[in-house]
Amino acid sequence: MSDFRNEQEFLAEYEPALYERLSVTVDILVFAVNQALNALKILLIRRKAPPYIHCWSLLGGLVKKEESLEDAARRKLEEETGLKDIYVEQLFTYGDPGRAPDHRVISISYMALIQENKAVVTPGDNAEACWFTLRERENIVELHGDNGEVLEYQVSRIPILIGGVPSIQETAYKHTGSGIAFDHEQAIQTGIRRLRNKAEYTNILFGLMPQEFTLPELQRLYETVLGKQLYKANFRKKISRYVEATGRKKNQEGARRSPELYRFCTRVCKTEADDGLISRIGS
């Protein structure tokens, strides 16, 4: 039985200094596509201060005492890209005791989908920003920076998350010296898997598209994200519930016919999409 008669007495006696303090941060994996819609890109920040000085990391920062986790993620995203009211989704919580070399840090990772040409990236004084294009070959993920720098990591070194739990078939995560800070390789790989999986049965990729687009452009985006070619007729049949014609055509220099412009259809049933009742795009 507790020695405290009520909660007020407990709080009056409580000594926070007796307990180890943990830092809580949010890390945001920002996805975008290039203008041609044929390359998937992520935004990384080069650290100019320890820990992992000169390494690249996801953008993020400490959670303030008065804000929720998602509010912190949206705040950091707006501070460093100038964008708000965009798609943000929680990915995973990382809390390995050794993930930061200086003190215990628990991080909640998010992914965000933006249009690269609308972002004005302004990281803090201790960092610089760069867009990296994702390229895959066998077991290797390569990140090709717009600044010419190339990073890479082995997919087999990254635990697969099944139902939020690392697969027992995978080795424990250890920093590989890839030039990517902390365990952010794991967050990147988790985000790639999540984005591809949800692209199959939801309208998540519309967060990467301009307000108006042609159907060939939309198919090119899906093929870029999924990493495979799609049959035109099947794709258009399965995507039809998501889009509606604007009545306008896109002017293309040298084209014999101007393709029709479409936009996201607001009457799509979100619950139906989120419940996975829509047939898979890639099938």
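As the structure is a prediction and not an experimental result, all values here were calculated from the model.

### Points about the pattern of salt bridges
Inference 1: The tally for this structure, following the rule as stated, stands at 18 salt bridges.
Inference 2: With a shortest N-O distance of 3.1 Å, Glu70 and Arg74 are connected by a salt bridge. Note that Glu70 and Arg74 are positioned in helix 2 (residues 69-81) at a spacing of four residues, about one turn of the helix.
Inference 3: Judged by relative accessible area, Glu70 falls into the partly exposed class, the value being 36%.
Inference 4: A salt bridge links Arg75 to Glu79, with the nearest nitrogen and oxygen atoms 3.3 Å apart. A residue pair is termed a helical-turn pair when its members lie 3 or 4 positions apart in one helix, as Arg75 and Glu79 do in helix 2 at four residues.
Inference 5: Given a relative accessible area of 39%, Glu79 falls into the partly exposed group.
Inference 6: One network of salt bridges, in which partners are shared, links Glu67, Arg75, Lys76, Glu79 and Glu80.

### With respect to the packing of helix 3 (residues 184-201) against helix 4 (residues 215-226)
Inference 1: Close contact between helix 3 and helix 4 brings their axes to 9 Å; oriented N to C, the two are set at 140°. Here helix 3 is positioned oblique relative to helix 4, judged by the angle of their axes. Helix 4 is crossed by helix 3, and the crossing has left-handed handedness. Mapping the contact onto sequence places Leu195, Arg196, Ala199 and Glu200 in helix 3 and Tyr222, Val225 and Leu226 in helix 4.
Inference 2: For the contact of helix 3 with helix 4, the per-class residue count stands at five nonpolar, no polar and two charged.

### Regarding helix 2
Inference 1: Compared with the 18 Å implied by 1.5 Å per residue over 13 residues, the 18 Å span of helix 2 between its first and last C-alpha is a close match.
Inference 2: What helix 2 keeps buried is the set Ala72, Ala73, Arg75, Lys76, Leu77, Glu80 and Thr81.
Inference 3: The inward-facing, buried residues of helix 2 abut strand 1 (23-33), strand 2 (40-47), strand 4 (59-62), strand 5 (87-94) and strand 6 (105-113).

### Focus on the pairing of strand 6
Inference 1: Along strand 6, eight of the nine residues are buried, which leaves the element largely enclosed by surrounding structure.
Inference 2: Where strand 1 lies against strand 6, nine bridges are found, and the strand directions are parallel. Residue pairing across strands places Val24 opposite Ile106, the latter belonging to strand 6.

### What to know about the side chain of Gln189
Inference 1: Within the fold, Gln189 resides in helix 3.
Inference 2: Among the residues examined, Gln189 registers a relative accessible area of 5% and is labelled buried.
Inference 3: Excluding residues that lie within four positions of it along the chain, Gln189 makes contacts with Val141, Tyr153, Val155 and Ile158.

Cut-offs used in this document
Residues numbered from 1 in each chain as written. Predicted model: local features only at pLDDT ≥ 70, side-chain atom pairs only at ≥ 80, totals over all residues. Heavy atoms only, no water. Salt bridge = Lys/Arg side-chain N within 4 Å of Asp/Glu carboxyl O. Helix = DSSP H or I, 4+ residues; strand = E, 2+ residues; numbered from the N terminus. Buried < 20%, exposed > 50% of the residue type's maximum accessible area, 1.4 Å probe, protein only. Axes fitted to C-alpha atoms, helices over the stretch in contact; angles between N-to-C directions. Parallel < 35°, antiparallel > 145°, perpendicular 65-115°, else oblique. Left-handed = near helix turned anticlockwise from the far one by under 90°. Contact = heavy atoms within 4.5 Å. Nonpolar A, V, L, I, M, F, W, Y, C, P; charged D, E, K, R; others polar. Expected span 1.5 Å × (residues − 1). Pairing = 2+ DSSP bridges.

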